[in-house]
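Each chain, written out:
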Amino acid sequence: MELIPETKLVRLVIVGGGFGGIQLAKKLSKKKYQVVMIDRNNYHTFQPLLYQVATGGLEPDSIAYPIRKIFPGKRNIIFRVAEALEVKPDQHVLVTDLGEIKYDHLVIATGSTTNFFGNQEIENNAMTLKSVPGALDLRSLLLQNFERVLIDTDPAEREKYLNIVIVGGGPTGVEIAGALAELKRHVLHKDYPELNVDELKIHVIESSDKLLSSMSRQSSDKAKIFLEKLGVNIWLKNVVKNYQDEKVFLANDTVINCSTFIWTAGVKGSVFNGLPPTVFTERGNRLKVDVYNRVINCKNIFALGDVAAVIDDEHSLPHPMLAPVAIQQAKNLAHNLNINSNESWKKFNYFDKGSMATIGKNKAVADIKALHFQGFFAWLVWMFIHLMSIVGFRNRLVILINWVWNYFSYDRAIRLIIRPYKKKG
């Protein structure tokens, strides 16, 4: 049996079932294309809420949705669980772990992966929040450490288990710090009455002079105030040199004993082999694309979302690595692919709807154009936008029920060690 059925339609292969890939496939589902989507997972992940899975607020199936279920009955959309290994542009062939797939158009929507900036020690030992398995591993490690500290009498070991270090003061770092602080304040003393929760220390280490560096100073300062009121230790203008033997080494010679080390300090494009080095950006490992999202000097190859960097006379810096960018690029590309003449293609122009981050119950910050607001209203806006962005009505309903329950009870009920986490080495 062939990997992909033969067709007389134009074959468009999409690599990646993220925001961009899903949106593009939706827009082409009734058109002249055979759309082939591949992803290493059989589900789409709503990554902005991974931190809530890691802290016991949501189950993973609340933020994951089967890709096949997104396209029920769409015969021109073919999905395969596969991993892209290499592209052969001259032959119009994509090599996967299942075999080769010929394409007329190739769309790379592989998203981003964690950037450790070449530090192999940190890469081998840090916890990350880029996938459902990573979130579940972090949840298990946190709960296992709380269990261990109850039976360990050695002060150094207890300190190690009760220190949580988060590297990176962007939205992910700020949001998981806030979630952990609320877990400490409202939940842990109920689950572990023998534990003095004041011993639990949460640290956020950021190399720049502000949290949420892409947002306004007003929002950054307010986020810092929110976190400090929750008891989080903020280390600005500090750089992590290494993490080894469960010790965090800072550039200022500070050493923090720490078993839970969470790295959110950077991302880079996730790309497979076969493309020439000249199409990659110097920073961030992203693919250089034109205003139509075509990879430069590559015929019939496009890139969307985090992995794409639109760089031309009007864009000296790439667009931010955010879901709205990927979704808008996918809609624009679908429009262009559905018209006959390239001369009528529409250039991509990003409409920036703003940025926001949540720190905890009734605590969020938002920058919408020239408006900056914080607190309860920003928190409601954050919840609404995230809820509406979730794929699947059931997932929205489950998340809403969990959020309402957590709001009134302060209880993150999903504190389960489903699969114990074992550190490498």
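This structure is a prediction, so every number in the text was calculated from the model and none was measured. (Residues numbered from 1 in each chain as written. Predicted model: local features only at pLDDT ≥ 70, side-chain atom pairs only at ≥ 80, totals over all residues. Heavy atoms only, no water.)

A. A look at the sheet that holds strand S7 (residues 93-96). An order of S6-S7-S8 is seen for the three strands of this open sheet, with the pairing classed as antiparallel. Since the sheet does not close on itself, it has two edges, and those belong to strand S6 (84-88) and strand S8 (99-102), each with one partner. For this sheet, the mean inter-axis angle between neighbouring strands, taken without regard to orientation, is 25°. With four bridges joining them, S7 and S8 adopt antiparallel strand pairing. (Pairing = 2+ DSSP bridges. Helix = DSSP H or I, 4+ residues; strand = E, 2+ residues; numbered from the N terminus. Axes fitted to C-alpha atoms, helices over the stretch in contact; angles between N-to-C directions.)

B. Representation of the environment of isoleucine 108 within the structure. The residue isoleucine 108 is located in strand S9 (residues 105-108) in this model. Measuring from C-alpha to C-alpha, the distance between isoleucine 108 and alanine 84 comes to 9.8 Å, with 24 residues separating the pair along the chain. Setting aside chain neighbours within four positions, we find isoleucine 108 in contact with Val15, Phe272, Leu275, Leu287, Ile301, Phe302, Ala303, Leu304 and Val307. (Contact = heavy atoms within 4.5 Å.)

C. Region of interest: the nonpolar core. Counting residues in each nonpolar core, the largest one holds 66 residues, and the members touching the most others are Leu49, Ile166, Ile176 and Leu180. For this core, the element with the most residues is helix H6 (residues 132-151), which contributes nine residues. Once residues lying within four places of it in the same chain are set aside, the contact partners of isoleucine 166 are Gly173, Ile176, Ala177, Leu180, Ile202, His203, Val204, Ile205, Ile262 and Thr264. Counting 54 residues, the second-largest nonpolar core is a separate cluster that includes Ala109, Val279, Ala303 and Leu304. (Core = buried A, V, L, I, M, F, W, Y, C linked by side-chain atoms within 4.5 Å. Buried < 20%, exposed > 50% of the residue type's maximum accessible area, 1.4 Å probe, protein only.)

D. Representation of the packing of helix H1 (residues 19-27) against helix H11 (residues 323-337). Contact pair H1 / H11: the axes reach a minimum separation of 8 Å and the direction vectors enclose 25°. In terms of orientation, H1 and H11 fall into the roughly parallel class. In terms of crossing hand, the pair formed by H1 and H11 is right-handed. Together, Phe19, Gly20, Gln23, Leu24 and Lys27 of H1 and Ala323, Ala326, Ile327, Ala330, Lys331, Leu333 and Ala334 of H11 make up the contact between the two elements. Of the residues belonging to the contact of H1 with H11, the class tally is eight nonpolar, two polar and two charged. (Parallel < 35°, antiparallel > 145°, perpendicular 65-115°, else oblique. Left-handed = near helix turned anticlockwise from the far one by under 90°. Nonpolar A, V, L, I, M, F, W, Y, C, P; charged D, E, K, R; others polar.)

E. How the structure looks around a positive patch on the surface. On the surface, Lys26, Lys27, Lys331 and Lys353 cluster together into a patch of positive charge. Secondary-structure assignment places lysine 26 in helix H1. (Patch = residues over 30% accessible without salt bridge, like charges linked within 9 Å, V, L, I, M, F, W, Y side chains within 5 Å. Areas by Shrake-Rupley, 256 points an atom, 1.4 Å probe, with all protein chains shown as cover. Salt bridge = Lys/Arg side-chain N within 4 Å of Asp/Glu carboxyl O. Lys, Arg positive; Asp, Glu negative; His and termini not counted. Charge placed at Lys NZ, Arg CZ, Asp CG, Glu CD.)

F. Examining the packing of aromatic side chains more closely. Tallying each qualifying case throughout the model produces 10 aromatic pairs. Taking the centre distance of 4.2 Å and the plane angle of 10° together, the rings of tyrosine 243 and phenylalanine 261 count as stacked. Of this pair, tyrosine 243 sits in strand S14 (residues 240-244) while phenylalanine 261 sits in strand S17 (residues 260-263), and the two are 18 residues apart along the sequence. With a centroid separation of 5.7 Å and an interplanar angle of 40°, the aromatic rings of tryptophan 382 and tryptophan 403 are classed as tilted. Pair noted here: tryptophan 382 is in helix H12 (residues 376-389) and tryptophan 403 is in helix H13 (residues 393-409), with a separation of 21 residues, a long-range link. In this pair, the class of tryptophan 382 matches that of tryptophan 403, namely buried. (Phe/Tyr/Trp six-rings, centres within 6.5 Å; stacked < 30°, edge-to-face > 60°.)

G. Molecular detail of unusual backbone geometry. Here the phi dihedral of histidine 92 falls at roughly 55°; this positive angle occurs in a residue that is not glycine. Turning to its location among the elements, histidine 92 is positioned in the loop between S6 and S7. Judged by relative accessible area, histidine 92 falls into the partly exposed class, the value being 23%. Even without a glycine there, the phi angle at aspartate 253 is positive, about 75°.

H. Here's a closer look at the pattern of salt bridges. Scanning all chains against the criterion turns up 14 salt bridges. Here glutamate 246 and lysine 423 are joined by a salt bridge, their closest N and O atoms 3.0 Å apart. Residue glutamate 246 is found in the loop between S14 and strand S15 (247-250), and its partner lysine 423 is found in the segment after H13; the two are separated by 177 residues along the sequence. Classification of lysine 423 as partly exposed rests on a relative accessible area of 32%. If you follow the salt bridges from partner to partner, you end up with Glu157, Lys160, Glu246 and Lys423 in one network.

I. Summary view of helix H8 (residues 171-186). With 16 residues, H8 ought to run about 22 Å at 1.5 Å a step, and its terminal C-alpha atoms sit 22 Å apart, in line with that. When you tally the buried positions in H8, you get 13 out of 16 residues, the bulk of the element. (Expected span 1.5 Å × (residues − 1).)

J. Focus on the pairing of strand S23 (residues 363-368). As judged from the five bridges shared by strand S22 (residues 355-360) and S23, these two strands associate in the antiparallel manner. Residue alanine 357 lies in a different strand from S23, and its bridge partner there is valine 365. Counting the residues that bridge the hairpin from S22 to S23 gives two residues, and of these asparagine 362 lies at a positive phi of roughly 65°. As paired strands, S23 and strand S24 (residues 371-374) are joined by four bridges and run antiparallel to one another. When the sheet's bridge partners are listed, alanine 366 is paired in S24 with phenylalanine 373. Linkage of S23 to S24, two consecutive antiparallel strands, is achieved through a turn of two residues, within which lysine 369 is found at a positive phi near 55°.

Geometric values such as these leave the question of function open.
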